[in-house]
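Each chain, letter by letter, is given below.
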Amino acid sequence: MGIIRLMDEPLSNKIAAGEVVERPTSVVKELVENAIDAGSTAIEVLLTEAGLTSIQIVDNGAGMDSEDALLSFSRHATSKIANEHDLFRIRTLGFRGEALASIASVSKVTLHTSNGESGTYVHMEGGRLIEHRAGALRKGTDIQIDQLFFNTPARLKYMKTLQTELGHSIDLMNRFALSYPGISFKLSHDGRMILQTSGSGDIKRVISDIYGVSIAKKMIPFEGESHDYKISGYASLPEITRANKNYISLFVNGRWVKHYAIANTVHKAYHTFLPLERQPIVVMNIEGDPYLTDVNVHPAKQQIRLSKEKELMELIHATIRGTISSAVRAPVIEKPKAPKQTPSKQLDIWKSSFTVKEAVEELRGKEDPIFAEASPIKESVHPPAEERKVAETTPFETLEEKLYDEQPEMPPAGPEFEEDTSPQFPELEVVGQIHGTYIVAQSDDGFYLIDQHAAQERIKYEFFREKVGDIDAGERQALLLPLTFHYSRDEALRLKDSLDLLAESGVFLEEFGDKSFIVREHPTWFPSGFEQEVIEELIEQVLDERKVDVKKLREDAAIMMSCKRSIKANHYLQKHEMERLLADLKNAEQPFTCPHGRPVIIHFKTYDVEKMFKRVM
Ligand code: ADP
Ligand code: MG
């Protein structure tokens, strides 16, 4: 007597409907979920040609009897829910009763299954039953999907390259492994083992299998509980960062979900620990009554709707922030000190008319304190939020605003504007510097504060923007020792698909084993001492954008590099260095905002100052 029932129509109508089989990865997802729901402790996935030729999943779960083995391929056939009430307390990964039916309709399926008492064999093609008979008694299920989309060739056309498809499946299997450390997963492709976890139950070990030992060592465990939710997992120390949120793995009651608000809260919990726009690596399990976590929102079941969301967000924020704060030694804020060395000509290289070669020679030649990190605090890369707020809420307008006010016919700020000639930059005379951070200057109509970091970012940004991707400049620097880069397998595969794109930014990655790459040379304009970092950043950008936009890549790279080497706050400058900086700024195409859009210069009008001192009314 089987356990699968056909849903009645009112119930099936309440299920978020839609086609679930979009690509090989969605088949892998549904079948592995079935294996997990069947209580398996070992699940093996074997793919041929990224799953387009065949997908086989072997589990050691409960299996099915002969009747169920047949029924499982009917639409709305499930053993997991019986009535509408059950829809609100789903504890299994599946519940729609549609996956096997959908998969069988677009492929050729061979199923061997046994519940330990009887064995069954079923063969289907394009949704039609070809054979159903008794089979072997090995407990568990072995299901093989051959020639996916053989009868819907249009679907096949949408498939990207095999490597990209495979990359998606590896990513998926990584997440299964992270959310079920107690299950031993194996994934192989064309006979080669790609992922293998022990099933020991230790998440940290899985993290190490997937991201590598060195990252696993820097992951801190956390745990927290509120009235309705329990969370646990691992969060990276701030020294490890990534360019995107892909490394934040969220599981709600064992289900991998994509939840923008939660990922955002995780990111916020790291506020001031990470440079802006960088993301941590986090693996988090969230447990709550299934009643609070509605998974019946989307057919692929990857989106969920949460009740008591605010409570959960507070729990996540407090737990992760607390964990990271206590794991990180408080950074020592160094007192600003005057440069020990005699002022160098370093800033001169940012004059607008240098050649790449000159610039590089200058950069290579000297390490100057002006270009070194001024403070050990990471977030000083961007001014802390509080600092920015002061600038934003100042009663005085930024110079840019002023110029727009006075010349209403000026086009609005924006990319078009950059092509135009800048509004006139004032003639400035340097008065001094405050807090090693702001330059004070004066002109006929008042005084000015210039954020030295933002100013230099702008100048360098314009320099790098010209140079990124300018392979024609032809100047390349061979590295004494090649640099090596290691990635997880799915990333490595995706990267292999994007080598051409990366080459456009002047970085030629060579494959070195299946997860590593080497770089032997790079464009000469790369800031020296930062080659590894710059290349890693470029690679991450390529990985981040599934569809790649060379223009944006260049733009981002220019911003990143200008930021990397700009003078930080808390750094004292000589008068002639400040003068040089202002002269370069005056030559910039768009001197009034930094590449992140923050003001570079703020104008304190004589008239306003006089009003404050009540010299005028
Ligand atoms: P759902 O998972 O939503 O119930 P599926 O179409 O994925 O729907 O599967 C239909 C039914 O087939 C499941 O409810 C389950 O009873 C049975 N089944 C599928 N795969 C397995 C498996 N690997 N082991 C045991 N039973 C399975
Ligand atoms: Mg299912």
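Per an unreviewed UniProt entry, the chain goes by DNA mismatch repair protein MutL and derives from Planococcus massiliensis. Looking at the Sequence similarities (unreviewed entry) heading of the UniProt record, one finds this comment for the chain: "Belongs to the DNA mismatch repair MutL/HexB family." Under the heading Function (unreviewed entry), UniProt records this for the chain: "This protein is involved in the repair of mismatches in DNA. It is required for dam-dependent methyl-directed DNA mismatch repair. May act as a 'molecular matchmaker', a protein that promotes the formation of a stable complex between two or more DNA-binding proteins in an ATP-dependent manner without itself being part of a final effector complex."

Colleague: Just checking my understanding: could you explain the overall build of the chain for this structure?
Modeller: Within the chain, the secondary structure is distributed over 21 helices and 24 strands. Within the chain, the proportion of its 617 residues that are buried is 53%. Taking contacts inside the chain between residues at least 6 apart in sequence as the whole, the part at least 24 apart equals 71%. Surface summary for the chain: the accessible area is close to 28800 Å², and the carbon and sulfur share equals 52%.

Colleague: Help me understand the pattern of salt bridges in this model?
Modeller: Opposite charge on two side chains permits pairing when their charged atoms draw close. This model, assessed by the stated rule, comprises 18 salt bridges. Between Arg-96 and Glu-98 there is a salt bridge, with its nearest N and O atoms 2.8 Å apart. A relative accessible area of 4% means that Arg-96 is categorised as buried. Since its relative accessible area comes to 9%, Glu-98 is described here as buried. Asp-294 is paired through a salt bridge with Arg-305; the nearest N and O atoms lie 3.0 Å apart. Of the two residues, Asp-294 sits in strand β16 (residues 293–294) while Arg-305 sits in strand β17 (residues 305–306), which places them 11 residues apart along the sequence. In the salt-bridge network here, residues are joined through shared partners; they are Arg-75, Arg-96 and Glu-98.

Colleague: Quick question: what am I supposed to make of the site of ligand 1 here?
Modeller: Near ligand 1, the surroundings consist of 19 residues, among which Asn-34, Thr-78, Ser-79, Lys-80 and Gly-97 are the closest. A distance of 2.7 Å is found between an oxygen atom of ligand 1 and a side-chain nitrogen or oxygen belonging to Lys-80. Here ligand 1 loses 94% of its free accessible area of 530 Å² to cover by the protein chains. Among the elements of the structure, β4 (77–78) and α4 (99–105) are those that each provide at least two residues to the shell around ligand 1. Across the shell around ligand 1, the residue classes break down as 7 nonpolar, 8 polar and 4 charged.

Colleague: What is the right way to look at the nonpolar core in this model?
Modeller: Nonpolar side chains tend to gather and get buried jointly when the protein is soluble and globular. Core analysis: the largest hydrophobic core is formed by 62 residues, its most contacted members being Val-32, Ile-36, Ile-145, Met-173, Phe-185 and Ile-207. Here the element with the most residues in this core is helix α6 (residues 162–179); it accounts for 7 residues. Looking at this core, you find at least three residues from each of domain 1 (9–203) and domain 2 (218–328). Aside from chain neighbours lying at most four places away, what touches Ile-145 is Val-27, Leu-31, Thr-53, Ser-54, Ile-55, Ile-103, Ser-107, Lys-108 and Val-109.

Colleague: For this particular structure, what's the right way to read the pairing of strand β2 (residues 42–48)?
Modeller: Residues in a regular strand project their side chains so that they alternate between the two faces of the sheet. What you see with β2 is a clean split: Ile-43, Val-45 and Leu-47 sit on the buried side and Ala-42, Glu-44, Leu-46 and Thr-48 on the side with no burial. As paired strands, β2 and strand β9 (residues 184–189) are joined by 6 bridges and run parallel to one another. Bridging across to β9, Ile-43 finds its partner in Phe-185. Direction of pairing for β2 relative to strand β3 (residues 54–59): antiparallel, over a ladder of 6 bridges. Note on β3: the bridge partner recorded for Ile-43 is Asp-59. Hairpin connection from β2 to β3: 5 residues lie between these consecutive antiparallel strands, with Glu-49 at a positive phi of about 45°.

Colleague: Would you explain the side chain of Thr-197 in this entry?
Modeller: Mapped onto the secondary structure, Thr-197 falls in the loop between β10 (192–196) and α7 (203–211). Discounting chain neighbours no more than four positions away, the residues touching Thr-197 are Ala-177, Ile-183, Ser-184, Phe-185, Val-206 and Asp-209.

Colleague: Just to check I follow, could you spell out α6 for this structure?
Modeller: Given 3.6 residues per helical turn, the α-helix brings residues three or four places apart onto the same face. Its 18 residues give α6 an end-to-end C-alpha distance of 26 Å, which sits within 8% of 26 Å, the value for a rise of 1.5 Å per residue. The buried fraction of α6 is high, at 16 of 18 residues.

Colleague: Looking at this structure, I do not really get the environment of Thr-92. What am I missing?
Modeller: With respect to the element layout, Thr-92 can be found in the loop between β4 and α4. Residues Thr-92 and Asn-34, spaced 58 residues apart in sequence, show a C-alpha to C-alpha distance of 8.9 Å. In this structure Thr-92 touches Asp-37, Lys-80 and Arg-255, once residues within four positions along its chain are discounted.

Colleague: Got a minute to help me understand unusual backbone geometry in this structure?
Modeller: Comment: phi is negative for the bulk of residues other than glycine, and the bulk of peptide bonds are trans. Positioned with a positive phi, Glu-49 is a non-glycine residue whose angle comes to about 45°. Here Glu-49 is to be found in the loop between β2 and β3. A relative accessible area of 39% means that Glu-49 is categorised as partly exposed. A positive phi angle, near 55°, is found at Lys-308, a position not held by glycine. Under the relative-accessibility criterion, Lys-308 is labelled partly exposed at 43%.

Colleague: Please clarify how the confidence of the model for the chain should be interpreted in this entry.
Modeller: Note: predicted coordinates in regions of low pLDDT should not be interpreted at a detailed level. Per-residue confidence for the chain gives a mean pLDDT of 79; residues scoring 70 or more make up 79%. Low pLDDT, under 50, characterises residues 330–422; the predicted model gives this stretch 150 contacts beyond four residues in sequence or across chains.

Colleague: Explain the pairing of strand β23 (residues 516–523) to me, please; I cannot follow it from the model alone.
Modeller: Across the 8 residues of β23, 6 count as buried, placing the element largely inside the fold. Pairing between strand β21 (residues 476–486) and β23: 7 bridges, direction antiparallel. The residue of β23 that forms the bridge with Gln-477 is His-522.

Colleague: Quick question: what am I supposed to make of the packing of aromatic side chains here?
Modeller: Two measures describe an aromatic ring pair: the distance that separates the ring centres and the angle between the ring planes. As enumerated under the stated definition, the model contains 4 aromatic pairs in all. Positioned over the ring face of Phe-150 is Lys-108, at 4.8 Å from the centre of the ring. Between the NZ or CZ atom of Arg-242 and the centre of the ring of Tyr-247, over which it lies, the distance is 5.3 Å.

Colleague: What is the right way to look at the sheet that holds strand β8 (residues 140–146) in this model?
Modeller: Hydrogen bonding along the main chain pairs the strands of a sheet, whether they run parallel or antiparallel. The 8 strands lie next to each other as β7-β6-β5-β8-β3-β2-β9-β10, forming an open sheet whose pairing is mixed. Of all strands in the sheet, those bounded by a partner on one side alone are β7 (128–134) and β10. Averaged over neighbouring strand pairs, the angle between their axes works out to 10° when direction is ignored. Where α6 meets the sheet, it contacts β2, β9 and β10, and its direction lies at approximately 170° from that of β9.

Parameters at a glance
Residues numbered from 1 in each chain as written. Chains lettered and ligands numbered in written order. Predicted model: local features only at pLDDT ≥ 70, side-chain atom pairs only at ≥ 80, totals over all residues. Heavy atoms only, no water. UniProt positions renumbered as here; feature names shortened; annotations may be inferred. Helix = DSSP H or I, 4+ residues; strand = E, 2+ residues; numbered from the N terminus. Buried < 20%, exposed > 50% of the residue type's maximum accessible area, 1.4 Å probe, protein only. Contact = heavy atoms within 4.5 Å. Areas by Shrake-Rupley, 256 points an atom, 1.4 Å probe, with all protein chains shown as cover. Salt bridge = Lys/Arg side-chain N within 4 Å of Asp/Glu carboxyl O. Near = heavy atom within 4 Å. Polar contact = N/O pair within 3.5 Å; in protein donor to acceptor, adjacent residues only side chain to side chain. Nonpolar A, V, L, I, M, F, W, Y, C, P; charged D, E, K, R; others polar. Core = buried A, V, L, I, M, F, W, Y, C linked by side-chain atoms within 4.5 Å. Domains from an automatic or database assignment. Pairing = 2+ DSSP bridges. Expected span 1.5 Å × (residues − 1). pLDDT = per-residue confidence, 0-100. Phe/Tyr/Trp six-rings, centres within 6.5 Å; stacked < 30°, edge-to-face > 60°. Lys NZ or Arg CZ within 6 Å of the ring centre and 35° of its normal. Axes fitted to C-alpha atoms, helices over the stretch in contact; angles between N-to-C directions.

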